Amino acid sequence: MTLKLNTGYADSFVTANDMSAIMPEVEAAFKTLHEGTGMGNYSLGWLDLPVNYDKAEFEAIKKAAEKIRSTSDILIVIGIGGSYLGARAVIEFIKSANFNSRRNGAPEIYFAGNSISSSYLAQLVELCEGRDFSVNVISKSGETTEPAVAFKIFRQMLEKKYGKEGAKEHIFATTDKTKGRLKELSDKNGYQTFVVPDDVGGRYSVLTAVGLLPIAVAGIDIDALMKGAADARVKYLDPDVANNDCCKYAAMRNVMYRKGKKIELAVSYEPAFAMMGEWFKQLFGESEGKNGKGLFPASAIFSTDLHSLGQYVQQGERHIFETVVFINEPLADIEISADPENADGLNFLAGKTVSFINRKAFEATAIAHEDGGVPSIVLELEREDEYSLGWLIYFFEKACAVSGYILGINPFNQPGVEDYKKNMYALLGKPGHEGRREAIERRLK
């Protein structure tokens, strides 16, 4: 199997009786999702996206990616939240965090508009000076401050470098199909555009043009990525939720939550998973953190973080459980050789591979954490490739939706995210926010 659910390190915390008791709720959540009768049913386009995507746009994405690869040394991807996390997570998972130093014919890819750090932005500007570069700006409305500011800066750089006519050949906008400030600007200036679907929320959008264009520029096989997601879709259509691993995972998360486990730590033993951990945090945090409810999602890379967080996980407050993504087949392996003098004392490892040692570290840690009161739900991923990752992405998206409905919230909105934006607009003097500005300034005095 591409993805195997291993519950062996959590069975002492989530019993058969626990699972039997929650299954009626899981069945109801699954039915609500597939019948489209639940909260947020306007955002279910991701559910069948792996088979119902726009095939013509998909081919246009490939062509645009080839154009960028042939004309640019650098691609700046501008977006925040779901508009950049998915793409960056996929690129680093498949190509490693060292992607820009081992490009294999692809442009260097950097991400902007995900913070308002002047230092970070200035460094990216400096990287682009004297080099050919393109921009993929991703925003549904075009008005979110972080990406809007970054796009303004890089658009002006492109226009200065290539002229207005030349610049439009280096700007690719992924935005609303018909409306919004970015769409209007793109149509006015002749930028090639791709669509952020109305029925797919940002954190579920990695398999749309939002994620696929930068992923394709990196030289990643987006056909295989979509195929993995499509096969996962079929696998997890099984209405027998007690035997549907996606639903079982959602059920176990909710059982843990009800038993006092308030933090879910997403763990991998591969550094390439670090940004997938960030994507996981947005997917579950933004979907479930509402109405005073929800698990707090965190992430870690083991064994690295065992030497920083490990003490707390082992013996701190008992409010954590782990979701471990373990990859069975590494991209490459190294065998440990013997030393005739055994000067380093490691001859007991001779003939063993580094991946073997990594697995034993995982097994040892899972046992220690379970003994210490931290259970692990283990997802064994077959390989570190596009097909497997597409499968995993769909698994998490569907599990998140089912889990949200079990929790009794709308897993597809994010009303809390808007509060800071309105306050920031007011403090920056954006027209229409004068009343809020006065109230905030009184609080700041």
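Below or above, wherever it landed, is the structure these notes cover. Here the structure is a predicted model, which is why all the values come from computation and not from measurement.

## Observations concerning the pattern of salt bridges
Inference 1: All chains considered together, the criterion is met by 29 salt bridges.
Inference 2: A salt bridge links Lys-67 to Glu-169, with the shortest nitrogen-to-oxygen separation between them at 2.5 Å. Here Glu-169 lies in the loop between helix 6 (145-167) and strand 5 (171-175) and Lys-67 lies in helix 3 (residues 55-71), a separation of 102 residues in the sequence.
Inference 3: On the basis of relative accessibility, which here comes to 37%, the residue Glu-169 falls in the partly exposed class.
Inference 4: As a salt-bridge pair, Glu-382 and Arg-383 come within 3.1 Å of each other at their nearest N and O atoms.
Inference 5: Accessibility expressed as a relative area gives 23% for Glu-382, which makes it partly exposed.
Inference 6: For Arg-383, a relative accessible area of 30% translates into the label partly exposed.
Inference 7: Taken together, the shared-partner salt bridges connect Lys-140, Asp-176, Lys-179 and Asp-198 into one network.

## So, the packing of helix 3 against helix 8 (residues 209-217)
The axes of two packed helices give the description: the angle between them and the distance between them.
Inference 1: Following both chains from N to C, one finds helix 3 and helix 8 inclined at 40°, their axes separated by 8 Å at the closest point. With respect to their mutual orientation, helix 3 and helix 8 come out oblique. Note that helix 3 runs across helix 8; the crossing there is right-handed. Only Ala-209, Leu-212, Leu-213, Ala-216 and Val-217 of helix 8 make contact with helix 3, whose side of the interface consists of Glu-57, Phe-58, Ile-61, Ala-64, Ala-65, Ile-68 and Arg-69.

## Quick word on the packing of helix 9 (residues 222-235) against helix 14 (residues 386-407)
Inference 1: For the pair helix 9 and helix 14, interaxial distance at closest approach is 6 Å and the crossing angle is 45°. Taken together, the axis directions place helix 9 and helix 14 in an arrangement best described as oblique. By crossing handedness, the relation of helix 9 to helix 14 is classed as right-handed. The segment helix 9 lies against helix 14, with Ala-224, Leu-225, Lys-227, Gly-228, Ala-229, Asp-231, Ala-232, Arg-233 and Lys-235 engaging Glu-386, Tyr-387, Leu-389, Gly-390, Trp-391 and Tyr-394.

## Let's talk about the environment of Gln-414
Inference 1: Counting through the fold element by element, Gln-414 comes out in the loop between helix 14 and helix 15 (417-427).
Inference 2: The sequence separation of Gln-414 and Glu-264 amounts to 150 residues, and the corresponding C-alpha distance is 20 Å.
Inference 3: Setting aside residues no more than four positions away along its own chain, Gln-414 makes contact with Arg-203, Glu-286 and Lys-290.

## A word on the state of the cysteines
Inference 1: Inspection of every chain in the model, using the stated rule, returns zero disulfides.
Inference 2: Cys-247 supplies the cysteine sulfur nearest to Cys-246, a cysteine that is in no disulfide, at a spacing of 5.7 Å.
Inference 3: Overall, Cys-246 belongs to the buried group, its relative accessible area being 1%.
Inference 4: Between Cys-400, a cysteine without a disulfide, and Cys-246, which holds the nearest cysteine sulfur, the sulfur-to-sulfur distance is 9.9 Å.

Reading the values: rules and limits
- Residues numbered from 1 in each chain as written.
- Predicted model: local features only at pLDDT ≥ 70, side-chain atom pairs only at ≥ 80, totals over all residues.
- Heavy atoms only, no water.
- Salt bridge = Lys/Arg side-chain N within 4 Å of Asp/Glu carboxyl O.
- Helix = DSSP H or I, 4+ residues; strand = E, 2+ residues; numbered from the N terminus.
- Buried < 20%, exposed > 50% of the residue type's maximum accessible area, 1.4 Å probe, protein only.
- Axes fitted to C-alpha atoms, helices over the stretch in contact; angles between N-to-C directions.
- Parallel < 35°, antiparallel > 145°, perpendicular 65-115°, else oblique.
- Left-handed = near helix turned anticlockwise from the far one by under 90°.
- Contact = heavy atoms within 4.5 Å.
- Disulfide = S-S within 2.5 Å.

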